[in-house]
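# Examining the three-dimensional arrangement
Here's the letter readout for the chains.
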Amino acid sequence: MPDTQTVVVLGGGIGGVVAARRLRALAPPQTRVVLVERSLRQSYPPSYTWVMTGERRPDAITRDLARLRRKGIEVVEAAVDAIDVDARTVSAGGAEIAYDHLVVALGAELAPEAVPGLAGEAFTYYQADEADRLHRALDGFTGGRVALVISSLPYKCPAAPYEGAMLLESLFRRRGIRARVEISLSTPEPQPLPVAGPALGAAVTAMLERKGIAYHTKRKTVEVDAAAHEVVFEDGAREPYDLLVAVPPHRPPAVVRASAIAGDTGWAKVDARTLATAKEHVYAIGDVTAIPLFDGLPLPKAGVFAHHEAEVVAGNIAADLRGTTGGRGFDGHGFCFLETGDGRAASARGDFYASPRDIHMQKPSRLWRLGKAAFERWWLYRWY
Ligand SMILES: Cc1cc2nc3c(=O)[nH]c(=O)nc-3n(C[C@H](O)[C@H](O)[C@H](O)COP(=O)(O)OP(=O)(O)OC[C@H]3O[C@@H](n4cnc5c(N)ncnc54)[C@H](O)[C@@H]3O)c2cc1C
């Protein structure tokens, strides 16, 4: 009778799905692959901006994780409430699940309540259902001040707020109301996508300028004054709005903050190449991790990294289970599309682990926009 080992993957978002699928493909057949996720209905976040603009319905980008059961993965629908690395168990939905290897892919938690006045007042496209609510609000919007704020750092997908601002600008033009709309974008960052370097930041700033989007840097949101319809920033500046769109504050999931794999900031601390935590046979991937780059900036929280880290970890765990050497390392390469409106997207790619980093942007074109749509279709087909 072969020895049955259990690999437990926590979180069924981008990193968790790839990890579970790759483990099922690569690990010895007798291995149990268990995926624990609190919500089996999973949406594809890069398309949330299209839900906002009405180009996608949430259902079109949502899949049911229960499908993975047919592929030999044990899918458990439950919220994880404790990780015990000494006992090698996780507790979820009142049950204890024992593991031999653990992959933590619990992502980042959105915490709108961390900014007084924000919850209930601001729209966001950082969740599928909320993006749809914003879409309906935009349908009835005929003009006024649209303030988009990146509340605090870190946040997922460095490009998404910039895409959001440019897509809204494009939408208002298409609807013939652009002259009646003022758009602003405020961020605590010193420039767009600081991790991608000053040249790329300057190119995005120039795009915003050409589109008449007022761009304010080094502004951390501390309060939303709903009565006055103003966002209040740390330096005392205020931004008036008729429609407020926010990237809410992000924080590590409570269960990770309380666990032995959390670093000083509460995010999971991992080896940048192997994604191993300091605890034996415990790995963390994707948004739940904090990986400092050579100059102290963090590796962005992005699906492309969660995906590639999942491939590396799954390959190495499978090799371990087979008694061979894995030895693959995550190399820090990343790629992303940056939509600029009018059916166009730019693309950026580079080595985020290089010192200095070398990130290049290709100028906006219809082709890259088609590429983004093709990638979405492939993703939803390939992994579910
Ligand atoms: C609007 C938007 C656009 C984006 N565009 C891009 C893009 O173009 N390119 C790109 O690379 N990235 C993009 N991203 C970022 C990308 O979606 C994330 O970086 C990626 O999803 C991270 O994957 P993950 O597996 O680490 O976390 P997630 O995909 O967030 O998955 C975490 C999972 O863990 C589950 N979970 C959390 N806590 C618990 C618990 N206690 N118990 C059980 N389950 C739990 C959650 O329900 C979730 O399903 C975008 C994000 C947004 C919001």
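## Quick word on the site of the ligand
- If you check the shell around the ligand, you find 29 residues, and the closest are G15, E37, V80, D287 and V304.
- The separation between an oxygen atom of the ligand and a polar main-chain atom of I14 is 3.2 Å.
- One of the backbone N or O atoms of G303 is found 2.9 Å from a nitrogen atom in the ligand.
- Starting from 1000 Å² of accessible surface for the ligand in isolation, the protein chains cover 91%.
- Residue assignment for the shell around the ligand shows that the elements contributing at least two residues are α1 (14-26) and α7 (303-322).
- Here the residues of the shell around the ligand sort into 16 nonpolar, eight polar and five charged.
- Residue contributions to the shell around the ligand reach at least three from each of two domains, namely domain 1 (6-108 + 252-322) and domain 2 (111-250).

## Some words on the sheet that holds strand β15 (residues 230-233)
- The strand order across the open sheet built from three strands is β14-β15-β16, with neighbouring strands paired in antiparallel fashion. Each edge of the open sheet carries a strand with a single partner, namely β14 (221-225) and β16 (238-240). The average angle at which neighbouring strand axes cross in this sheet is 20 degrees, direction not considered.
- Inspection of the sheet shows β15 paired to β16 by three bridges, in the antiparallel sense. Residue V231 lies in a different strand from β16, and its bridge partner there is E239.

## Details of the side chain of T6
- Tracing the sequence through the fold places T6 in strand β1 (residues 6-10).
- We classify T6 as buried; its relative accessible area is 8%.

Reading guide: rules and limits
- Residues numbered from 1 in each chain as written.
- Predicted model: local features only at pLDDT ≥ 70, side-chain atom pairs only at ≥ 80, totals over all residues.
- Heavy atoms only, no water.
- Near = heavy atom within 4 Å.
- Polar contact = N/O pair within 3.5 Å; in protein donor to acceptor, adjacent residues only side chain to side chain.
- Areas by Shrake-Rupley, 256 points an atom, 1.4 Å probe, with all protein chains shown as cover.
- Helix = DSSP H or I, 4+ residues; strand = E, 2+ residues; numbered from the N terminus.
- Nonpolar A, V, L, I, M, F, W, Y, C, P; charged D, E, K, R; others polar.
- Domains from an automatic or database assignment.
- Pairing = 2+ DSSP bridges.
- Axes fitted to C-alpha atoms, helices over the stretch in contact; angles between N-to-C directions.
- Buried < 20%, exposed > 50% of the residue type's maximum accessible area, 1.4 Å probe, protein only.

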